Amino acid sequence: MSKAQRLETKRGRELKFTFEGETVTAFEGETLATALLAAGVAAFSLTRTGEPRLPFCNMGTCFDCAVCVDGRFLVRACLTDVREGMQVNRQEGK
Amino acid sequence: MHDLAIVGAGPAGMAAALAVAEAGFSVVVVDEQARAGGQIFRRPPEAWGERHGTYRPYTWARDLIERFEDHPGIKTHFRSTVFGVLRDRDRSEHAVFDVAVSTPVGGQRITSRRLLLATGAYDMPVAFPGWTLPGVMTAGAVQSLLKSQKVLAGKRIVLVGSHPIQLILAGQLLDAGAEIVEIALARDMPGLVEMVRSLPAIPGHVSIFSEGLRALAKIARHRVPISRRTVVSEAVSKDNMLDVRLSQVDRDWKKTGINHTVEADVLVLGYGFTPSTELARQVGCDLIWNSVGGGWTVSHDTGFQSSAPDVFVAGEPTGVAGAERAWAEGHMAGLAIAASLGATIPPVALAQARRRLTGSARFAGVMQAMFAPRRAALAELSRQEETVICRCETIRNGKIEKTLQNNPFIQSASAVKLECRSGMGPCQGRYCEATVAARVAEVRKASIEASGYFNAHLPVKPVPLQDYRDIGEE
């Protein structure tokens, strides 16, 4: 599980989205990777053999943070800004 | 039709865009991040109300970013990925580029008369048992989370590697309240202190020197253990923590067998950087092997034009040498592009650009020589059968070695890729190419250079099929 934590700073307005059906609170301007890491998510994706993956490069090259957003697969969480109401799911069988 | 399309809004891309726009030409810049600045500056989000981030120790960054963002002749597409250059057809003696872009609102086609690849670099991948575990991250990942998102990747952190970024990053993590369990450096410590001491001898780099000293002082004050001649050899997930095994190495980074284990939330890898050259490969630029420059780099002339006509390159793809050098190269490339479009460049401007290039080359040369990765030794870390080499397709070392054994005619990294799918996942081989090439070299008793590189095809990054339809390609 991720043990990432937000540092104190002025952030954007609060918003909510879901990950695997659970509500996650985030702030406008954050990336999806940030919000999921700060929420303590244990796996953004699972490999074909079921191994969990979390972000590795956080810059768009490794695709380990890829998730499914509103039905669209292979969306890099580190390059995606959080939006109110977005439905995010774990990507499996990567 | 734009005069110039640039991929990458880091120091090189911004400097080139300004030089070309100031000469009166139209420029369009595409970048995957949300704002200009590149990986080095990674500014906080616009929505948080501050225009600027912290650019220390680069005193010129603020001015460069402001001039870039305020120039009316520069159009930008952020959160957008260039996934290929579709056509390169001849009209008179010059090419016309059709750049395929995936934007947040769908696919777009950008046409331009010149193309500049200022695509930067990414953290050098080093495969070892456990490098795919949650909690293992690159130095760039941990630093960008801190800089742009104000997020600490974890509480207990261990940093391993050979690049000075690890010391600067350690200072930043301590400032943010992290506990650093250990910093394990592959090289000798005396060399490191010498390096920091030698920086003031290099004109124009006093600020980088003081940043290095500040970090070292902070590390000393927090009594962070620094081990030298130590590499990471394994990470194991245990009770929601990582057990990180660190091994002693000799001068050539070969393991000598003495190990110790530390417990951490996050393991940060910092063995250097690899140039992003996949677009250059797809467009047909010649590459040159340059181990101290990060691996495969793009060949170019004194005006930074590549071997592909009208395709220019600047920054890390010519050899990883830092932000200052990228800025200088971008500026020179911009002047050369403006000249090729018909502008008259004042000799004073050319002389200034040359001076900057010379100054930054000295600094880059010192850094590259001191922190050159020992590639063969790093490749040794992935020798166990079960070690994952290709993260995307979960191809393990055993499969790669078997592929080489069963196919004695295979002499290249690209042939291994075709045979066993290492490098065929979403990252397109960016994270396994170096290890596969090193394995080919080792088994065939050849050089890593001779193993070659993976070819790059469109799309160089996976994009939704809809984006192809948007730009009229099926």
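Up top is the structure.
Throughout what follows, the structure given in this document is the object of discussion. No experiment lies behind these values; they were computed from the predicted model shown. (Residues numbered from 1 in each chain as written. Chains lettered and ligands numbered in written order. Predicted model: local features only at pLDDT ≥ 70, side-chain atom pairs only at ≥ 80, totals over all residues. Heavy atoms only, no water.)

Structural notes on the environment of H94 of chain B
All names here are of chain B.
- Examined against the element boundaries, H94 turns out to sit in strand β5 (residues 94–103).
- Classification of H94 as partly exposed rests on a relative accessible area of 28%.
- Each C-alpha atom, one on H94 and one on G161, is 45 Å from the other, the two residues being 67 residues apart in sequence. (Helix = DSSP H or I, 4+ residues; strand = E, 2+ residues; numbered from the N terminus. Buried < 20%, exposed > 50% of the residue type's maximum accessible area, 1.4 Å probe, protein only.)

Things to note about helix α3 (residues 61–70) of chain B
Residues and elements named next belong to chain B.
- All buried positions along α3 are accounted for by A61, L64, I65 and F68. For α3, the arc enclosing every buried residue in end-on projection is 95°, short of the 170-degree limit, so these residues lie on one face.
- Those residues of α3 that are buried lie in contact with α1 (11–22), β2 (27–30), α2 (38–41), β3 (74–77) and α9 (323–340). (Arc of directions from axis to C-beta. Contact = heavy atoms within 4.5 Å.)

Some words on the nonpolar core
- Within the largest apolar cluster, 81 residues are counted, with the highest numbers of intra-cluster contacts made by L115, F128, V160, V232, L267, Y271 and V436 of chain B.
- By residue number, the principal contributor to this core is helix α14 (residues 433–444) of chain B, which donates five residues.
- L115 of chain B has contacts with L4, A5, V7, V85, F97, V99, V283, D310, V311 and F312 of chain B, leaving out every residue within four places of it along the chain.
- Counting residues in each nonpolar core, the second largest holds 54 residues, with A33 of chain A together with A141, L173 and L185 of chain B among its members. (Core = buried A, V, L, I, M, F, W, Y, C linked by side-chain atoms within 4.5 Å.)

Remarks on the interface of chain B and chain A
- Contact with chain B, which involves 49 residues of that partner, is made by 39 residues of chain A.
- Taking both sides of the interface into account, the surface hidden between chain B and chain A amounts to around 3800 Å²; carbon and sulfur atoms contribute 53%.
- Area buried by chain B at its contact with chain A is led by W48, R79 and R391 of chain B, which between them contribute 16% of it.
- Put simply, chain B and chain A have 23 residue pairs in polar contact (both at pLDDT 80 or more) between them.
- With six residues, the top contributor of residues to the side of chain B that touches chain A is helix α4 (residues 139–149) of chain B.
- Looking at side-chain class alone, the side of chain B that touches chain A contains 24 nonpolar, 13 polar and twelve charged residues. (Buried area = accessible area lost by both parts, 1.4 Å probe. Polar contact = N/O pair within 3.5 Å; in protein donor to acceptor, adjacent residues only side chain to side chain. Nonpolar A, V, L, I, M, F, W, Y, C, P; charged D, E, K, R; others polar.)

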